[in-house]
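Residues per chain, in single letters:
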Amino acid sequence: KPEIVYNDNPTAKLDVCLLQMKFGLSDLSGHLFKYNLSENPLCSTCLEFVENECHYFCECQTYSTSRIALLPIINNLSVEYFAAINIPSMRNRILNKREILSVILNGFPLADNIQHIQRSAISTINDLNIRLHAAVIAFMYSTKRFVKFK
């Protein structure tokens, strides 16, 4: 498979990779193995665990330095999110690994019933998702897992 090099907009490929991860169709070894495109599902950097989106974003020790920057951002955004949708009891709650991965892949949801959310909260949630996306792309860029740069 030819390697695509994005010199002008390196985040474009990362946007595509993030979307592919959401659907389980990325270049992560576990995804490639699932579709018989690789002989080995193990992480290409640590060689210990199946490389899936959870391992990449939440577990792999290779990316721990990048993760240290990402996780506080996600937790701070979640505090703002729970305040925006008016759930005070959740404001100081730390998200667990499953919730963090869901937020990374899907963003902060508007709510089950959008009619109960004020227009200002919708704008706030959109802003939170923009900031979340920027933080996730920055993490992916810093790991250099998906893009080769000249």
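Please read all numbers here as calculations on a predicted model, not as lab measurements. (Residues numbered from 1 in each chain as written. Predicted model: local features only at pLDDT ≥ 70, side-chain atom pairs only at ≥ 80, totals over all residues. Heavy atoms only, no water.)

### With respect to the overall build of the protein
Then, in step 1: Helix and strand counts for the protein come out as 6 helices and 0 strands.
Then, in step 2: Going residue by residue from the N terminus, the α and β elements of the protein occur as α-α-α-α-α-α.
Then, in step 3: Evaluated residue by residue, the protein yields a buried proportion of 37% over its 150 residues.
Then, in step 4: Counting only carbon and sulfur atoms, one obtains 55% of the accessible surface of the protein, whose full area is about 9,100 Å². (Helix = DSSP H or I, 4+ residues; strand = E, 2+ residues; numbered from the N terminus. Buried < 20%, exposed > 50% of the residue type's maximum accessible area, 1.4 Å probe, protein only. Areas by Shrake-Rupley, 256 points an atom, 1.4 Å probe, with all protein chains shown as cover.)

### Overview of the environment of Glu53
Then, in step 1: Looking at the secondary structure, you find Glu53 in helix α3 (residues 53-59).
Then, in step 2: Considered as a pair, Glu53 and Leu101 are 48 residues apart in the sequence and their alpha carbons are 7.8 Å apart.
Then, in step 3: Leave out the neighbours within four places in its chain, and Glu53 touches Met21, Leu28, His31, Cys58, Leu101 and Leu105.
Then, in step 4: A polar side-chain atom of Glu53 sits 2.6 Å from a polar atom in the side chain of His31. (Contact = heavy atoms within 4.5 Å. Polar contact = N/O pair within 3.5 Å; in protein donor to acceptor, adjacent residues only side chain to side chain.)

### A few points about the side chain of Ser29
Then, in step 1: Mapping Ser29 onto the fold places it in helix α2 (residues 29-34).
Then, in step 2: Beyond its immediate chain neighbours, meaning those up to four positions away, Ser29 contacts Asn40, Pro41, Leu42, Ser44, Glu51 and Arg145.

### Some points on the packing of aromatic side chains
Then, in step 1: One pass over the structure, following the stated rule, counts 7 aromatic pairs.
Then, in step 2: Measuring from centroid to centroid gives 5.3 Å for Tyr56 and Phe146, while their planes differ by 80 degrees, and the two rings are edge-to-face. Taken together, the residues Tyr56 in helix α3 and Phe146 in the segment after α6 (119-143) connect sequence positions 90 residues apart. Considered together, Tyr56 and Phe146 belong to a single accessibility category, that of buried residues.
Then, in step 3: Each ring, one from Tyr81 and one from Phe108, has its centre 5.0 Å from the other, and the planes form 25 degrees; the classification is stacked. In this pair, Tyr81 sits in helix α4 (residues 64-84) while Phe108 sits in the loop between α5 (97-106) and α6, placing the two residues 27 residues apart along the sequence. A single burial state applies to Tyr81 and to Phe108, both of which are buried.
Then, in step 4: By way of ring pairs, the aromatic residues Tyr56, Phe57, Tyr63, Phe139 and Phe146 are connected into one cluster.
Then, in step 5: Across the ring face of Phe146, the terminal group of Arg145 is positioned such that the distance to the ring centre comes to 4.9 Å. (Phe/Tyr/Trp six-rings, centres within 6.5 Å; stacked < 30°, edge-to-face > 60°. Lys NZ or Arg CZ within 6 Å of the ring centre and 35° of its normal.)

### Some details on the packing of α4 against α5
Then, in step 1: At a closest axis distance of 11 Å, the pairing of α4 and α5 adopts a crossing angle of 85 degrees. As far as their axial angle goes, α5 and α4 are roughly perpendicular. Facing α4, whose interface residues are Leu70, Leu71 and Ile74, α5 presents Ile100, Val103 and Ile104.
Then, in step 2: Of the residues assigned to the contact of α4 with α5, the class counts are 6 nonpolar, no polar and no charged. (Axes fitted to C-alpha atoms, helices over the stretch in contact; angles between N-to-C directions. Parallel < 35°, antiparallel > 145°, perpendicular 65-115°, else oblique. Nonpolar A, V, L, I, M, F, W, Y, C, P; charged D, E, K, R; others polar.)

### Topic: α4
Then, in step 1: Along its 21 residues, α4 runs 30 Å from first to last C-alpha, staying within 8% of the 30 Å computed at 1.5 Å per residue.
Then, in step 2: All of the buried residues in α4 are Ser66, Arg67, Leu70, Ile74, Asn75, Leu77, Ser78, Tyr81 and Phe82.
Then, in step 3: Buried residues belonging to α4 abut α3, α5 and α6.
Then, in step 4: Immediately downstream of α4, the backbone of Asn86 shows phi near 60 degrees, a positive value. (Expected span 1.5 Å × (residues − 1).)

### Here we look at a nonpolar patch on the surface
Then, in step 1: Judged by side-chain polarity, Leu19, Phe23, Leu25, Tyr35 and Leu37 come together as a nonpolar surface patch covering roughly 560 Å² of accessible area.
Then, in step 2: Among the residues examined, Leu25 registers a relative accessible area of 47% and is labelled partly exposed. (Patch = residues over 30% accessible without salt bridge, like charges linked within 9 Å, V, L, I, M, F, W, Y side chains within 5 Å. Salt bridge = Lys/Arg side-chain N within 4 Å of Asp/Glu carboxyl O.)

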